[in-house]
Number of protein chains: 2
Amino acid sequence: MKSFSKLTQGLLGQPMLEILSTVCAMEAAGKKVYRFEIGDSYFDAYPHVIAATKEALDNGHTKYVDSLGIPALREAICDYTERKLGFRPDISQVAIMPANSVIDFVMRCVVDPGDEVIFSDPGFAAYIAVASYLGIKMVKVPVWEKNDFRLNPDDLLPRITAKTRLIIITSPQNPTGSVMTEDEMLRVAEIAKEKDVYLLSDEIYSENIYDCRHYSPAVVDKCRERTIILNGFSKGHSMSGWRLGYAIGPTELIAKMGQMFETVYTCVPPFIQYAGISALNTPQELVQQRISQYKKLRDLMVARLNDIPGITCATPKGAIYVFPNITGTGLTSKEFAKFVLEKAGVAVVPGSCFGEGGEGYVRLCYARSEETIEEACAAMKLALIRQRKVKKPSVSRGIITI
Amino acid sequence: MKSFSKLTQGLLGQPMLEILSTVCAMEAAGKKVYRFEIGDSYFDAYPHVIAATKEALDNGHTKYVDSLGIPALREAICDYTERKLGFRPDISQVAIMPANSVIDFVMRCVVDPGDEVIFSDPGFAAYIAVASYLGIKMVKVPVWEKNDFRLNPDDLLPRITAKTRLIIITSPQNPTGSVMTEDEMLRVAEIAKEKDVYLLSDEIYSENIYDCRHYSPAVVDKCRERTIILNGFSKGHSMSGWRLGYAIGPTELIAKMGQMFETVYTCVPPFIQYAGISALNTPQELVQQRISQYKKLRDLMVARLNDIPGITCATPKGAIYVFPNITGTGLTSKEFAKFVLEKAGVAVVPGSCFGEGGEGYVRLCYARSEETIEEACAAMKLALIRQRKVKKPSVSRGIITI
């Protein structure tokens, strides 16, 4: 009688639990671990955002508010969308909730268990986790390094069936950092329209983009018919722990999502919503400055990784990750992650955590200090060369020191 | 093809939407509305709690943390439980999440769609909303004014079937303010054990209690077998907008709930969790002072309501609500709510929003200023007497002024 529900059987939890528990054990034992596994930033939230939060706390913005969010933040998001994408959603199209909840709520509101959702492989682990516990069938579209990990829209077509309810598109992408072109995005929107399915555009990394532009498929239907934009403050504004995000979508769907959010959460704390308004008003110089910093860190990490035998790393155009190819080491992605953690004290995510297509790669978040990147890459290089020396005893000890 | 999921058909949203939209329209038109409908407090969070939040923000507690919560808060909750209930849960039995999410997550983790959950009628509207959208069958146990709205444990027995997975018990109760006795609580625990079902003890109002003690059925199994305590900071610490609560339950169930929370929400903002630690360390004098203030407001509201023709109001022992019997007015609870809103500018919740058993009653949250209570009750009295005058034209105009 007293067992768990069927749904719990699909709960995956953290896909890299094994790595994480080793990390924790090592840290508890006082060992230094270079942590590149979490998609979190070395940067803090902007001081003006912290100040706005404190001010909201002082002003008593600490009570229940509308489950769809405070009007001032929803309007600010309408402004931002108009500025960035060229169309202005109606305020009734905007719901404030954590970005992760948007994934869960969109799937629950438009996909029945047993029906199908399409997304890329490798793809964000949360799509896998949510679809898994909801009993939704995942249909994967492989993306390839040779195409810079960009999803080819025409690869969607043969995978759309009568059971397809939702396509998820992610640009910039996690874990690969790929950024889709305008033509590709328009083609995705066209396909979604033609096949009459919902389209979730995960744009959480839209502010983390380098040397190119962010395009959204939402420009086609202005989020009025089928497109739902997911965005938030965790990545672009280094506010991961604030749990502040939003959805822009068709008014009726947003109303359903709001009802669901009200039922299970009531609302996002209002003082956190005021922080969001402040973040959206960040002076453009500061935004640009931070993007330059990210770019510098990305370039450093790519250079250092390419300097390690057995690793090749392309330069991603967006997000805050590199996704190096580690097949040259002869290790699987899980073996590689275990090896560099144990031998070099570097925590990375095995690419296979993002789907079968991630095998042969690992993900590192480069939003770290230059010093951390330098030290960790040097430690990985040393460990891998030493490992090689074991296999090739002819190499002299002198050569392997770095 | 492009419709919503089946699940959305069960979304109820706010049960008193009609009343709320009238409230908003009246306020937008510049009309003063005395708002007693929301279960939120007139009191602010304690200044030391605000200060602790700001300090945590300054100390950079703004990043992802463990989805089960920061260890310091989980330990503080173990301390608090030991102090209040006499047993100390293991930290692995504690998960930090909003109290509303606890309701949703417990139901989703232990009850399959089509299976049964038992709770009182009238009962908290969120149980109805969650069970409804999840397709869980609700089995109601009537509670009666003549028994001070306390649930009679033996009324549970004939309602337990092979499909019963969960009993929810609420003391102090929402909407009636009833407080169960120690014997009743122990009997509930015994029945849950005998029938081998889960038992969710909603103790969100355990700090809002007057002239009597709070008892928990959790003392029997120490939350190790079947009992899950729901508690939080919204009511006892006037922190409704912070969305901070917790569950204490069997370690394996808490792990499942943690996985689910991680999947759909990641974690509660860490700076909010630090506020929780500060709240739990509130000096006992302050807690007592606030309880005295609540009690004074309760007594005032009960006295003024009993002074209105057609209304009788018992004195509730807990929570922050009164639940007056309005049958003497000849109106249904919905008609009454509509009437006092339109004619007296007073917003209340129709008892029927809490189940059929709530018909004939309305709920008012008395955590308001004395002035608000005085003015609102006077306005209701005037409107009701005037209404009566319309029906009984023999009453002279002079008599009805107050």
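The numbering scheme is per chain: residues are counted from 1 as the chain's sequence reads. Chain labels run from A onward and ligand labels from 1 onward, assigned in the order the entries are written. This being a predicted model, a pLDDT of at least 70 is required before a residue's local features are given, and a value of 80 or more before pairs of side-chain atoms are given or counted; all residues contribute to the totals for chains, interfaces and linings. Only hydrogens and water are set aside; all other atoms, that is, all heavy atoms of the structure, feed into the side-chain values.

As a further point, take the overall build of chain A. Only DSSP runs of H or I reaching four residues or more are called helices, and only runs of E reaching two or more are called strands; each is numbered from the N terminus. Along chain A, the regular secondary structure elements total 13 helices and 12 strands. In this setup the radius of gyration rests on C-alpha atoms only. A globule is expected at 2.2 Å times the number of residues raised to 0.38. Here the C-alpha atoms of chain A give a radius of gyration of 22 Å, agreeing with the 21 Å that 2.2 N^0.38 yields for 402 residues. Counting only C-alpha atoms, chain A reaches 70 × 55 × 50 Å along its principal axes. Expressed as a percentage of contacts within chain A between residues at least 6 apart in sequence, the contacts between residues at least 24 apart total 72%. When the accessible surface of chain A is totalled, it reaches about 14,900 Å², and 51% of it is carbon and sulfur. His is not counted, nor are the chain ends; Lys and Arg add positive charge and Asp and Glu add negative charge. By convention, the charge on Lys lies at NZ, on Arg at CZ, on Asp at CG and on Glu at CD. Each charge class in chain A was averaged separately, 47 positive and 46 negative side chains, and the resulting centres sit 6 Å apart. Two residues form a contact once any of their heavy atoms are found within 4.5 Å. Methods summary: accessible areas were calculated by the Shrake-Rupley approach with a probe of 1.4 Å, and residue burial reflects only the protein chains presented.

Residue and element names in this part refer to chain A. Examined at the domain level, chain A breaks down into domain 1 (6–44 + 285–390) and domain 2 (47–280). Distance from the C-alpha centre of domain 1 to the C-alpha centre of domain 2: 25 Å. Of the residues lining the interface, 35 residues belong to domain 1; the matching set on domain 2 comes to 30 residues. For any pair of parts, buried area is found by adding up, for both, the accessible area (1.4 Å probe) each one loses once the two are put together. Each partner contributes to the roughly 2,600 Å² buried at the junction of domain 1 and domain 2, and carbon and sulfur atoms together form 56% of this total. Where each domain begins and ends follows an automated or database-derived domain assignment.

Let us now look at the interface of chain B and chain A. When the parts of a complex come together, some accessible area is lost, and that lost area is often used as the size of the interface. In this complex, chain B contributes 73 residues to the contact, which on the side of chain A involves 73 residues. Taken together, the two surfaces of chain B and chain A that pack against each other cover about 6,300 Å², and 55% of this comes from carbon and sulfur. Criterion for a salt bridge: a side-chain nitrogen of Lys or Arg within 4 Å of a carboxyl oxygen of Asp or Glu. Remark: the boundary between chain B and chain A carries 4 salt bridges. Close ionic contact of B:Lys6 with A:Asp112 constitutes a salt bridge, the shortest N to O distance being 3.7 Å. Polar contact criterion, stated in full: a pair of N or O atoms within 3.5 Å, where within protein one must be able to donate a hydrogen and the other to accept it, and residues adjacent in sequence count only if both atoms are side-chain atoms. For the pair chain B and chain A, the number of links is 33 residue pairs in polar contact (both at pLDDT 80 or more). Elements with a contribution of two residues or more to the side of chain B that touches chain A: α2 (47–58), α4 (99–110), α5 (125–134), β5 (164–170), α8 (251–264) and α9 (270–280) of chain B. The greatest single-element share of the side of chain B that touches chain A, amounting to 9 residues, is contributed by α8(B). Residues of the side of chain B that touches chain A, tallied by class, amount to 33 nonpolar, 20 polar and 20 charged. Each residue is assigned to one class: nonpolar for Ala, Val, Leu, Ile, Met, Phe, Trp, Tyr, Cys and Pro, charged for Asp, Glu, Lys and Arg, and polar for all the others, Gly among them.

What follows concerns the relation of the copies chain B and chain A. A rotation about an axis combined with a shift along that same axis relates the two copies of the chain. Expressed as a screw operation, the relation of chain B to chain A combines 0.0 Å of axial shift with a rotation of 180°, fitting to an RMSD of 0.0 Å. Overall, the copies show the geometry of a two-fold rotation axis. Of the C-alpha atoms belonging to chain B, the one lying closest to the rotation axis is found on B:Lys54, 3.0 Å away. A shared interface surface links the copies, since 100% of the contact residues of chain B are contact residues in chain A too. A least-squares fit on C-alpha atoms brings the copies together, and the residues used are those whose pLDDT is at least 70 in both copies.

Another aspect to go through is helix α6 (residues 182–194) of chain B. Residues and elements named next belong to chain B. With 13 residues, α6 extends 18 Å between its outermost C-alpha atoms, agreeing within 8% with the 18 Å of an ideal straight helix rising 1.5 Å per residue. Exposure is judged per residue with a 1.4 Å probe applied to protein chains only, and the accessible area is read against the type maximum: over 50% gives exposed, under 20% gives buried, and values in between give partly exposed. Listed in full, the buried residues belonging to α6 are Glu 184, Met 185, Val 188, Ala 189, Ile 191 and Ala 192. End-on view of α6: buried residues confined to an arc of 160°, all on one side of the axis. Facing away from the buried side of α6 by more than 90 degrees, the exposed set consists of Asp 183, Lys 193 and Glu 194. Here a helix's expected span is defined as the number of its residues, less one, multiplied by 1.5 Å. The arc under discussion is defined with respect to the helix axis, by the directions toward the C-beta atoms.

Think of a sheet as strands paired side by side through backbone hydrogen bonds, with each pair either parallel or antiparallel. All names here are of chain A. Any two strands with at least two DSSP-identified bridges between them are counted as paired. Pairing is mixed in the open sheet, where 7 strands are placed in the order β2-β8-β7-β6-β5-β3-β4. In this open sheet, the two edge strands, each paired with only one partner strand, are β2 (94–96) and β4 (137–142). Adjacent strand axes in the sheet meet at a mean angle of 20°, parallel and antiparallel pairs treated alike. Where strand β3 (residues 116–121) meets β4, 6 bridges bridge the pair, whose relative direction is parallel. Only C-alpha atoms enter the line fits that serve as axes; for helices the fit covers just the stretch in contact. Angles between N-to-C directions range over 0 to 180 degrees.

What follows covers the environment of A:Cys223. All names here are of chain A. Position of Cys 223 among the secondary structure elements: in the loop between α7 (218–221) and β7 (227–232). Given the relative accessible area of 0%, Cys 223 is considered buried. Considered as a pair, Cys 223 and Pro 250 are 27 residues apart in the sequence and their alpha carbons are 5.6 Å apart. Those residues in contact with Cys 223 that lie beyond four places of it in its chain are Phe 87, Gln 93, Ala 218, Ile 229, Ile 248, Gly 249 and Pro 250.

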